[in-house]
Amino acid sequence: MSLTLKRLVKDFTAWAEVALSAATVSAYSHHLKRFVTITRNKQVRSLRPAHLTSFHRSWHEWQAVQRLFNWAVQEAGVMKKNPFARVRAPGRNQRKRILTPAEVARFIRQCSPRPRAYLLALRETLPRCRGVDRAA
């Protein structure tokens, strides 16, 4: 009997619920369910690197699939090799969150005197920082 992708994901999820945090399991489950749908629940032995490269749009999707197959090979022992082992990870996007003025003020107020003076000097001498609350 051949192992389907859906069955492998089900077994991995059962293991992950015991071994990993709930947030991690939730993220993996989300990405892996989509992978099963997109690959039409293929037999695991018929998967090729192109299946992963056509699926992943983010590092997180790539990582969830890699974790599944690494688990299948190294921990569950249901596969001899990971068909995606040589698929390169996509670049990770940098976060671009900017602190709100209230967060900046709270951060500066909680600093000890010397770091606070330094941060205030930086804030006052960087003319390109728009939207920074100077009322800290």
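Here is what the cut-offs are and how they apply
Residues numbered from 1 in each chain as written. Predicted model: local features only at pLDDT ≥ 70, side-chain atom pairs only at ≥ 80, totals over all residues. Heavy atoms only, no water. Core = buried A, V, L, I, M, F, W, Y, C linked by side-chain atoms within 4.5 Å. Buried < 20%, exposed > 50% of the residue type's maximum accessible area, 1.4 Å probe, protein only. Contact = heavy atoms within 4.5 Å. Salt bridge = Lys/Arg side-chain N within 4 Å of Asp/Glu carboxyl O. Helix = DSSP H or I, 4+ residues; strand = E, 2+ residues; numbered from the N terminus. Phe/Tyr/Trp six-rings, centres within 6.5 Å; stacked < 30°, edge-to-face > 60°.

1. Focus on the nonpolar core
Item 1. Residues Leu-5, Leu-8, Leu-32, Val-65, Leu-68, Phe-69 and Phe-84 are the most contacted members of the largest nonpolar core, which totals 24 residues.
Item 2. With residues near it in sequence (within four places) discarded, Val-65 still touches Leu-32, Phe-35, Leu-52, Phe-55 and Phe-84.

2. Examining the pattern of salt bridges
Item 1. The full count for this structure, using the stated rule, is 4 salt bridges.
Item 2. Here Arg-34 makes a salt bridge to Glu-61, at a shortest N to O gap of 2.6 Å. Residue Arg-34 is found in helix 2 (residues 22-38), and its partner Glu-61 is found in helix 4 (residues 59-75); the two are separated by 27 residues along the sequence.
Item 3. With a relative accessible area of 24%, Arg-34 lands in the partly exposed category.
Item 4. Glu-61 sits in the buried class, given a relative accessible area of 5%.
Item 5. Taking the shortest distance from any N to any O, the salt bridge between Glu-61 and Arg-57 comes out at 3.6 Å.

3. Focus: helix 5 (residues 101-109)
Item 1. Considered for burial, the residues of helix 5 that qualify are Glu-103, Val-104, Ala-105 and Ile-108.
Item 2. Among the structural elements, helix 6 (113-125) are those in contact with the buried residues of helix 5.

4. Details of the packing of aromatic side chains
Item 1. As enumerated under the stated definition, the model contains 8 aromatic pairs in all.
Item 2. A ring pair is formed by Phe-12 and Trp-71, whose centres lie 5.4 Å apart and whose planes are at 65°; its orientation type is edge-to-face. Here Phe-12, found in helix 1 (residues 5-19), pairs with Trp-71, found in helix 4; they are 59 residues apart in sequence, far enough to count as distant. Here Phe-12 and Trp-71 have matching classes, each one buried.
Item 3. For the ring pair Phe-69 and Phe-84, a centre distance of 5.0 Å and an interplane angle of 85° mean the geometry is edge-to-face. Taken as a pair, Phe-69 in helix 4 and Phe-84 in the loop between helix 4 and helix 5 lie far apart in primary sequence, 15 residues in all.

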